[in-house]
Amino acid sequence: MGSRNISASNKTYNILHQTFNSMIKFGIIGCGRISHRFMQGLKQVADTSLTAAWSRRAESVNHFVDLYGGTACKSLDELLASDIDAVYIATLPDSHAAYSIAALNAGKHVLCEKPATVNLSQLDDVLKIARTKGLLFMEGMKPPFFPLYRSLKEYLQTDPIGPEGYVRAGSSVADLSPDHPNFSYELMGGALMGIAPYEAFLALDWLGSMTGLQAMGRFSGKQVDMFATFQTQHNNGYAQLYCGFDLHGKGDALISGPLGHVTIHKNWWNPAKATIEYLDGRIVELDEPFTAGGLNYEIEHFCELICKGQTESPIITHELSRQMITMLDEARKQIGLKFKGE
Ligand SMILES: NC(=O)c1ccc[n+]([C@@H]2O[C@H](COP(=O)([O-])OP(=O)(O)OC[C@H]3O[C@@H](n4cnc5c(N)ncnc54)[C@H](OP(=O)(O)O)[C@@H]3O)[C@@H](O)[C@H]2O)c1
């Protein structure tokens, strides 16, 4: 049986390269690694601007606005009082809930990096305020917006592998520097918090709601998990997932159904290539490079929701965020990782 290559790079997706009726002005909280990548993406999204930024250290924010423009704010209050429509929160999990609540209370829409909060209770507090204020809150969960992921979903609608019943995925990166915040207990790091939100997303997206979980993990000397593995039961099947910082993982994802399986090649959370192998021997290769670091697709979706006056993404729904953090809560509980104040 032959194999064929499908590239949908010439397709026009509804949400890509859209122009909005008015300029959407962003403020950024936290000017670290991911915020630089966010700016790479934002520059590709029409009718948006970086208007203001604030971070804990003045050097970080000054350097940031030197690179990308906007006003360097001296305080959170200054940022929230500035003329912005939305806030992108890119600090560490310890402060996501507090900054989301502050931004919503100031009347700003919020795009908050994963994990949206430290636990479900915090997330419910944030969602309650978003609902009360009638503002958009969305967790930054990039994979479903990548062209490859969208093409894969579309392709499987016409040539299915049957109802998907198993997901195996993970990521373990062994080359982080020892001072990386993922190793910090105080900043609510660890492999489950730093990496597993993606794995949780994949399992929930393909298999539906979780009905059970078993987890194992080992800790570093810094009280956070260095490696964890967990398996989950869902309405439509089972998932086996891992995350870690001291082993060099493969970083691909497998999705199986009765008529075939899909491999999303490494690094599956920045999806660019997938292979579908059917039971009848056919092999379909999907090849969809992403541009500008890949956050542009998620940003474009977020901006489109603002323009339409929507307060919740139909893709990263509030309930999906609740289920992702519930999975992490349960995995942390089983391996014995409790953060201060919990
Ligand atoms: N979507 C993705 O692809 C992706 C990839 C990596 C990480 N992430 C997520 O993005 C978030 C940030 O990760 P990162 O790798 O960018 O971390 P990072 O490089 O350490 O950046 C965090 C930034 O936030 C600032 N900050 C930290 N705590 C703060 C606080 N309490 N108040 C004000 N500013 C604070 C830091 O401060 P100063 O520099 O000002 O000291 C730093 O600039 C995490 O939630 C992570 O899970 C997402």
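Preceding this section is the structure that the text describes.
Residues numbered from 1 in each chain as written. Predicted model: local features only at pLDDT ≥ 70, side-chain atom pairs only at ≥ 80, totals over all residues. Heavy atoms only, no water.

Undergrad: Mind showing me how you'd approach the sheet that holds strand β3 (residues 48-54) here?
TA: Each strand in a sheet pairs with another by means of backbone hydrogen bonds, the pair being arranged parallel or else antiparallel. Read from one edge to the other, the open sheet built from six strands follows the order β4-β3-β2-β5-β6-β7, with strand pairing classed as parallel. Unpaired on one side and paired on the other, β4 (71-72) and β7 (137-140) mark the two borders of the sheet. Direction of pairing for strand β2 (residues 24-29) relative to β3: parallel, over a ladder of six bridges. Paired with Phe-26 across the strands is Leu-50, a residue of β3. (Pairing = 2+ DSSP bridges. Helix = DSSP H or I, 4+ residues; strand = E, 2+ residues; numbered from the N terminus.)

Undergrad: What am I meant to see in the packing of aromatic side chains here?
TA: Ring pairs (aromatic) are described by centroid distance and by the angle formed between their planes. Using the criterion set out here, one finds 13 aromatic pairs in the structure. Ring geometry for Phe-26 against Phe-38: centres 5.7 Å apart, planes inclined by 70°, an arrangement best described as edge-to-face. Of this pair, Phe-26 sits in strand β2 while Phe-38 sits in helix α1 (residues 33-42); the two residues are 12 residues apart in sequence, bridging distant segments of the chain. With respect to class, Phe-26 is no different from Phe-38; both count as buried. Among the aromatic residues, ring-to-ring pairing joins Phe-26, Phe-38, Tyr-88 and Phe-302 into one connected group. Here Lys-153 stacks its cationic end above the ring of Trp-206, 4.6 Å away from the centre of that ring. For Arg-282, the ring lying beneath its charged end belongs to Tyr-278, and the centroid distance is 4.1 Å. (Phe/Tyr/Trp six-rings, centres within 6.5 Å; stacked < 30°, edge-to-face > 60°. Buried < 20%, exposed > 50% of the residue type's maximum accessible area, 1.4 Å probe, protein only. Lys NZ or Arg CZ within 6 Å of the ring centre and 35° of its normal.)

Undergrad: Honestly, helix α9 (residues 295-308) in this entry has me stumped. Any pointers?
TA: Across its 14 residues, α9 extends 20 Å between first and last C-alpha, which sits within 8% of the 20 Å expected from 1.5 Å per residue. Summarising burial for α9: 12 of the 14 residues are buried, a large majority. Turning to α9, its buried residues number three or more, namely Leu-295, Asn-296, Tyr-297, Glu-298, Ile-299, Glu-300, His-301, Phe-302, Cys-303, Glu-304, Leu-305 and Ile-306. Directly beyond the C-terminal end of α9, a positive phi value near 75° is found at Gly-309. (Expected span 1.5 Å × (residues − 1).)

Undergrad: When you look at helix α6 (residues 147-158) in this model, what are you seeing that I'm missing?
TA: What sets the pattern is the α-helix's 3.6 residues per turn: residues three or four places apart point alike. Here α6 contains 12 residues, and its C-alpha end-to-end distance of 17 Å stays within 8% of the 16 Å for a straight helix at 1.5 Å per residue. Turning to α6, its buried residues are Pro-147, Leu-148, Tyr-149, Arg-150, Ser-151, Leu-152, Tyr-155 and Leu-156.

Undergrad: In this structure, what is going on with the site of the ligand? I would like to understand it.
TA: In the vicinity of the ligand lie 22 residues, with Ser-55, Arg-57, Ser-60, Tyr-99 and Lys-142 positioned nearest. Between the ligand and the protein, one listed contact pairs an oxygen atom with a backbone N or O atom of Gly-32 at 3.1 Å. Coverage of the ligand by the protein amounts to 87% of the 910 Å² it exposes when considered alone. Given that more than half its atoms are within 2 Å of the pocket grid, the ligand belongs to the largest pocket. Counting residues per element, the ones that place at least two in the shell around the ligand are α1 and α4 (93-105). Here the shell around the ligand is composed, by residue class, of eight nonpolar, seven polar and seven charged. (Near = heavy atom within 4 Å. Polar contact = N/O pair within 3.5 Å; in protein donor to acceptor, adjacent residues only side chain to side chain. Areas by Shrake-Rupley, 256 points an atom, 1.4 Å probe, with all protein chains shown as cover. 1 Å grid on protein atoms, 1.4 Å probe; cavity = no way out; pocket = protein on both sides within 12 Å on 5 of 7 lines; lining within 4 Å. Sits in = over half its atoms within 2 Å of the grid points. Nonpolar A, V, L, I, M, F, W, Y, C, P; charged D, E, K, R; others polar.)

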